[in-house]
Amino acid sequence: MSVRSAVNGFFFEPVPLGRVAAMRFLAGLYVWIEWWAYMPFIFGHRFVPGELYQPLFVGRVLPLPTPDYWIVTGTLIVMLASAVPMMLGYRPKLFGWILFAAYFEWMVIANSYGKVDHASFGFMTLLLVLCLMPSYAKWGDREHLSERAGWGFKLVQIAVVLTYFLSAWAKFRYGGFEWANSGVFTWAIIRRGTVFSEWMLDFPWLLHFAQWGMVAFELLTPVVLFVYKWKRVQYAIVAFFYCFHVTVFLAIGISFLPHLVAMACFLPLERIDPKAIVRRFKDRRDDAKTREPEPQFET
């Protein structure tokens, strides 16, 4: 196999269009969940004085307006309104671009007041990529394969992996190897620990080991990209990623929900067909009714 064919096989691995429809639905559903359940503080920025706004680099380059009540509220309305038709497959490219632009502004508003999150990097990439996907993607479509969809989802997968890998790089950049030897996990559990993690405070060596394990995990995450030919192995690694985030959520209440939505593009979601599920449910219900014995009456 030549280098060119290997590169093309990696970046343009065909993906069933059913996965595109599923990811559009998940992305739109998350947008509706985020503003009131995951990051409600963003909507609260409509009341924050403009003097506290410190725009990100991209907000200074474009430039974007200073958020006020109407800008924040209007961005939210446009974002929610465009998410519905996109997730339902109605003109997904048009409404996808509208949603991406609105969500882009939403993230600038969210991250321009002193704290910058990295959990939405993969999700932002997903929204952009979905704008470039074929419009005719349908739920449960396993027959029609698309190299363009494969290329787009590969970019999302790379963004997901970079979220981990660059996190480790940032730890070494700002804290050096001392980050892994520090009391970061102890501080995190004291600040926002739960019943599932507070017991670990009695075992500092375990927290120390967990910090080195975290760094090793983040540095090794690119492996999931290079086992794409062995799907069961790849699915197992992705399942481990999800289990890792469940553990983090139970320990300190951090969920990385947008990251988890973007990571779903690794999974064979094209196997999900809501119409087929409803049809099977109805068939089973009808079969159960036909098998019911007729009532017997004593004479």
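Scroll up to find the structure.
Residues numbered from 1 in each chain as written. Predicted model: local features only at pLDDT ≥ 70, side-chain atom pairs only at ≥ 80, totals over all residues. Heavy atoms only, no water.

Caption draft 1: Structural view of unusual backbone geometry. Looking along the chain, the bond that leaves Leu 62 and enters Pro 63 is cis, with omega of -20°. Within the secondary structure, Pro 63 sits in the loop between helix H4 (57-61) and helix H5 (69-87). Positive phi is not limited to glycine here, since Arg 91 has a value of about 45°. With relative accessibility at 53%, the residue Arg 91 sits in the exposed group. Its identity is not glycine, yet Phe 256 carries a phi of approximately 55°, on the positive side. (Helix = DSSP H or I, 4+ residues; strand = E, 2+ residues; numbered from the N terminus. Buried < 20%, exposed > 50% of the residue type's maximum accessible area, 1.4 Å probe, protein only.)

Caption draft 2: Here's a closer look at the pattern of salt bridges. Across all of its chains, the model carries five salt bridges by this definition. The partner of Glu 13 in a salt bridge is Lys 231, and the shortest N-O contact between them spans 2.8 Å. With Glu 13 in the loop between helix H1 (3-11) and strand E1 (15-16) and Lys 231 in helix H12 (residues 231-252), the pair connects residues that are 218 residues apart, well separated along the chain. (Salt bridge = Lys/Arg side-chain N within 4 Å of Asp/Glu carboxyl O.)

Caption draft 3: Quick peek at the side chain of Ser 82. As for its position among the elements, Ser 82 is in helix H5. Engagement of the side chain of Ser 82 in a polar contact is seen with the backbone oxygen of Val 78, the distance being 2.8 Å. Engagement of the side chain of Ser 82 in a polar contact is seen with the backbone oxygen of Met 79, the distance being 3.2 Å. With near-sequence residues (within four places) excluded, Ser 82 lies in contact with Phe 95, Ile 98 and Leu 99. (Polar contact = N/O pair within 3.5 Å; in protein donor to acceptor, adjacent residues only side chain to side chain. Contact = heavy atoms within 4.5 Å.)

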